[in-house]
Structures are given as C-alpha cells and as structure tokens.
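# Coordinate analysis (summary)
What follows is each chain in one-letter form.
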Amino acid sequence: MVREVAESCVDSLLTEMVASYCNRFYANKPELAARRIEAIGYQVGHQLSERYTMERPRFSDHLEAIKFICKDFWTELFKKQIDNLKTNHRGTFVLQDNKFPWLERISIDPLTDKVNSAEDATTAENKATSTISMHLYYPCGIIRGALSNLGITCAVTADISNLPACSFVVRVKA
C-alpha cells in the first residue's frame, strides 16, 4: 500500500516550520534557523532514500546516484522528474527544476507590494529573497540526506535567479 500526503499539507508544514524557526525559535539568528531547517530536511531525505532504495542494488558511481535523485526520487516527491541535469564530471552537479512546486505556491507578505521609495522597494525585495531562501534549506537538506544515505558526502545549495525555477548545486566532497 502506497502512503501519500496531500501537497497542501506539505506546503503548510514547510511554511509553518520556516516561520517557527525564523520568527520564534531563532528570530535573531537566521543562520541557526537555516542550519536547523536544513538538518530536518537531511533527516527526511535520509529516511526517504532508505525507503525508496530498499529493493535496489547499490549504485556504482556518483552519476548513477544523482540520476536516481533526478528521476525516481524526485518523481516520488513531486510527481515529476528534474528538468535538467548538468555536470562538470569533477564532482559538481546542477539539478534544474523549472517549476519547483514549493516555489510555485509560495506567498510573500502582501504589505511588501506597497512601497513608497526605491529604498523601501530594495528592502522589500531583500526580505522576499531571504524568505524564499529559507524555504530552500529544507529541500537542500532532503537532497543532501538522500545522497548521504547512498554513500555520497556532499554540500547542496540552491539558486533562485528565475522564479519559480530553482537550481540545486551538488558538490561532492572527495
């Protein structure tokens, strides 16, 4: 029997988790909030990877494991594959999702729409970027946790230059 959770429940959980860590638990320490959100994602990714690879043989190299993340793992999470995978064949992989579901439905404080000056607009834009970045620590942690379970130690970062597109950069540690 396949267990599934409604997308709206996951969206709400992610939004509340980020709000709790950023506004309550670590309101004055955003780097600690980011680290904690990423750590939760790491645990989730590690456990999901364990579940999804139970019946599979171990992957022989990094590229096979990354392809598993892009195809099978991503499909289990988001009902779609990663749109593009690039590599430099030296341990860096870029996973591109052109319509990342958790960014498609994200909502920023509507008060930031009403700005009176260029300075207010810049402040509002920085706050929006910061909020979106906090939401991306969780999926970065999921990817890092999944790869860790597959025996790959890495660092994962996200780039949001063109919303709702998102690129996840995976750097494998030697």
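- Where an unreviewed UniProt entry is consulted, the protein appears under the name Trafficking protein particle complex subunit 6B, with the organism given as Stylosanthes scabra.

## Overview of the pattern of salt bridges
- The final tally for this structure, using the stated rule, is 5 salt bridges.
- A salt bridge links Arg144 to Glu38; the shortest N-O distance between them is 2.6 Å. Here Arg144 is found in helix α5 (residues 118–149), whereas its partner Glu38 is found in helix α2 (residues 30–52), with 106 residues between them in sequence.
- For Glu38, a relative accessible area of 14% translates into the label buried.
- Here Lys80 makes a salt bridge to Asp97, at a shortest N to O gap of 2.6 Å.

## Here's the deal with the packing of aromatic side chains
- Tallied over the full model, the rule gives 11 aromatic pairs.
- Both rings, one in Trp74 and one in Phe78, keep their centres 4.8 Å apart while their planes meet at 55 degrees; by these two values the pair is tilted. Of the two residues, Trp74 and Phe78 both sit in helix α3 (residues 62–78), 4 residues apart, roughly one turn of that helix.
- Using a relative accessible area of 10% as the deciding quantity, one classes Phe78 as buried.
- Here Phe100 and Trp102 contribute two aromatic rings whose centre-to-centre distance is 5.8 Å and whose plane-to-plane angle is 70 degrees, an arrangement assigned as edge-to-face. The same class applies to Phe100 and to Trp102, which are both buried.
- An aromatic cluster of at least three residues, connected via ring pairs, comprises Trp74, Phe78, Phe100, Trp102, Tyr138 and Phe168.

## As for the packing of α2 against α3
- Following both chains from N to C, one finds α2 and α3 inclined at 100 degrees, their axes separated by 11 Å at the closest point. One way to sum up the angle between α2 and α3 is to call them roughly perpendicular. Of α3, the residues touching α2 (which contributes Gly45, Leu48, Ser49 and Tyr52) are Phe68, Phe73, Glu76 and Leu77.
- Looking at the contact of α2 with α3 residue by residue, the class counts come to 5 nonpolar, 2 polar and 1 charged.

## Here's the deal with the pairing of strand β4 (residues 166–172)
- Among the 7 residues of β4, 6 are classified as buried, and the element is accordingly described as predominantly covered.
- Bridge count for strand β2 (residues 92–97) against β4 is 6 bridges, and the pairing is antiparallel. When the sheet's bridge partners are listed, Thr92 is paired in β4 with Arg171.
- Relative to β4, strand β3 (residues 154–159) runs antiparallel, the two sharing 6 bridges. Directly across from Ala158, in β4, lies its bridge partner Phe168.
- Hairpin connection between β3 and β4: a loop of 6 residues separates the two successive antiparallel strands.

## Observations regarding the sheet that holds strand β1 (residues 84–87)
- Taken in spatial order, the 4 strands make up an open sheet running β1-β2-β4-β3, and their pairing is antiparallel. Edge strands, defined here as strands with exactly one partner in the open sheet, are β1 and β3. For this sheet, the mean angle separating the axes of adjacent strands, direction not counted, is 20 degrees.
- Against the sheet, α3 engages β1, β2 and β4, with an angle of about 15 degrees to β2.

## Concerning the side chain of Thr53
- On the secondary structure map, Thr53 appears in the loop between α2 and α3.
- Discounting residues that sit within four places of it in the chain, Thr53 has contacts with Phe59, Phe68, Asn149 and Leu150.

Calculation rules
- Residues numbered from 1 in each chain as written.
- Predicted model: local features only at pLDDT ≥ 70, side-chain atom pairs only at ≥ 80, totals over all residues.
- Heavy atoms only, no water.
- Salt bridge = Lys/Arg side-chain N within 4 Å of Asp/Glu carboxyl O.
- Helix = DSSP H or I, 4+ residues; strand = E, 2+ residues; numbered from the N terminus.
- Buried < 20%, exposed > 50% of the residue type's maximum accessible area, 1.4 Å probe, protein only.
- Phe/Tyr/Trp six-rings, centres within 6.5 Å; stacked < 30°, edge-to-face > 60°.
- Axes fitted to C-alpha atoms, helices over the stretch in contact; angles between N-to-C directions.
- Parallel < 35°, antiparallel > 145°, perpendicular 65-115°, else oblique.
- Contact = heavy atoms within 4.5 Å.
- Nonpolar A, V, L, I, M, F, W, Y, C, P; charged D, E, K, R; others polar.
- Pairing = 2+ DSSP bridges.

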